[in-house]
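Coordinates in review
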Amino acid sequence: MIVVTGAAGEIGTWLVPRLAGRGLKLRLSDRSEVASKPKDAEFVRADLAEAGAVREFCRDATAIIHLGGIRFEAAPEQLVASNVLGTANVFCAAKLAGARVVYASSNHVVGYYERDQHVSTEDPLRPDSIYAVTKAAGELIARFYFDRYGVESASIRIGSALERPTRVRHRHTWVSYDDLEALIVACLQSPRLGCKTFWGVSANACKWWQDDSHSFGFSPKDDAEQYVATLLPDEDDPEVRRFQGGEFCAK
Ligand code: NAI
Ligand code: 15L
């Protein structure tokens, strides 16, 4: 059984039918209703901040694709409840079920690197928002659950998951649906996942981020340059244009 949290959200809405099309047995969860669900999938409405509910819907999971959370800047108590407590509950449930976790982290954990810098997964975090701090906390929770309990996981620092890039910043950050799906599936299928951190980014000629996902068998196919003539300029704000986090860095 593969559990997908945050299944009602933007990524869940396009990813779930693709996973179902691969014949995977799915249980979806979200605090909001899903607009539609594949015929054989289950749906459980639950809040990630409630440990017992998370434990229950993950009870027989072999893998948890953890997309649930708040994806923008918000009040700290809301971010902490959904993104930190919610992620801790997911990892605790994964431990009990013996499941691996594919965790949707974010590129904003390094949003305060400047745009002319290349960043690897070994470089220090430079979060650009309280949102990003809570996503980084999720990566630390993943690390702790691996070191203490052997819970395997991949933290995928997703760039901009869009059907097509729309703005200049996306030349660097875009991840196509096909490439993100391929990375998530590679994480599900890898015989030994360990505790990995990857960038969820396409093969953009201008990408900022490096990892060792190649040696893991992941080779993204798409490149935002193909759309370069159609891209809108970034917001006319020096901070937005200076830092990788873009709009998240506006003061
Ligand atoms: P989204 O906001 O469309 O979906 C997130 C879902 O999580 C929503 O359906 C929401 O109801 C649910 N959720 C939030 N708090 C919850 C809680 N306490 N209990 C239960 N459900 C809760 O976000 P999207 O775009 O689908 O992203 C999924 C994940 O990927 C998020 O965690 C986000 O931080 C991360 N991400 C997304 C990127 C993107 O380009 N869409 C880029 C980087 C990271
Ligand atoms: C994210 O982490 C956000 O959740 C998403 O809404 C986009 O802003 C994305 O990063 C991005 O950087 O484009």
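Predicted, not measured: the structure shown is a model, and the values here were computed from it. (Residues numbered from 1 in each chain as written. Chains lettered and ligands numbered in written order. Predicted model: local features only at pLDDT ≥ 70, side-chain atom pairs only at ≥ 80, totals over all residues. Heavy atoms only, no water.)

Now for the site of ligand 1. Glu10, Ile11, Asp30, Arg71 and Tyr131 are the nearest of the 25 residues found near ligand 1. At 3.0 Å, a backbone N or O of leucine 67 approaches an oxygen atom of ligand 1. Taking arginine 71, its side chain carries an N or O atom lying 2.6 Å from an oxygen atom of ligand 1. Summarising the interface, the protein chains cover 89% of the accessible area of ligand 1, which totals 820 Å² for the free molecule. Its atoms largely coinciding with the cavity grid, ligand 1 occupies the largest pocket. (Near = heavy atom within 4 Å. Polar contact = N/O pair within 3.5 Å; in protein donor to acceptor, adjacent residues only side chain to side chain. Areas by Shrake-Rupley, 256 points an atom, 1.4 Å probe, with all protein chains shown as cover. 1 Å grid on protein atoms, 1.4 Å probe; cavity = no way out; pocket = protein on both sides within 12 Å on 5 of 7 lines; lining within 4 Å. Sits in = over half its atoms within 2 Å of the grid points.)

Before going further, it helps to examine the sheet that holds strand β5 (residues 100-106). The 7 strands are arranged β3-β2-β1-β4-β5-β7-β10 in an open sheet whose pairing can be described as parallel. For this open sheet the edge positions go to β3 (42-45) and β10 (195-200), each flanked by a neighbour on one side alone. Ignoring strand direction, the axes of neighbouring strands in this sheet form an average angle of 20 degrees. In the sheet, strand β4 (residues 63-66) pairs with β5 via 4 bridges, with the strands oriented parallel. Bridge pairing links alanine 63 to arginine 100 in β5. Contacts from helix α4 (residues 130-149) reach β5, β7 (153-158) and β10 within the one sheet, and its direction differs from that of β5 by about 155 degrees. (Pairing = 2+ DSSP bridges. Helix = DSSP H or I, 4+ residues; strand = E, 2+ residues; numbered from the N terminus. Axes fitted to C-alpha atoms, helices over the stretch in contact; angles between N-to-C directions. Contact = heavy atoms within 4.5 Å.)

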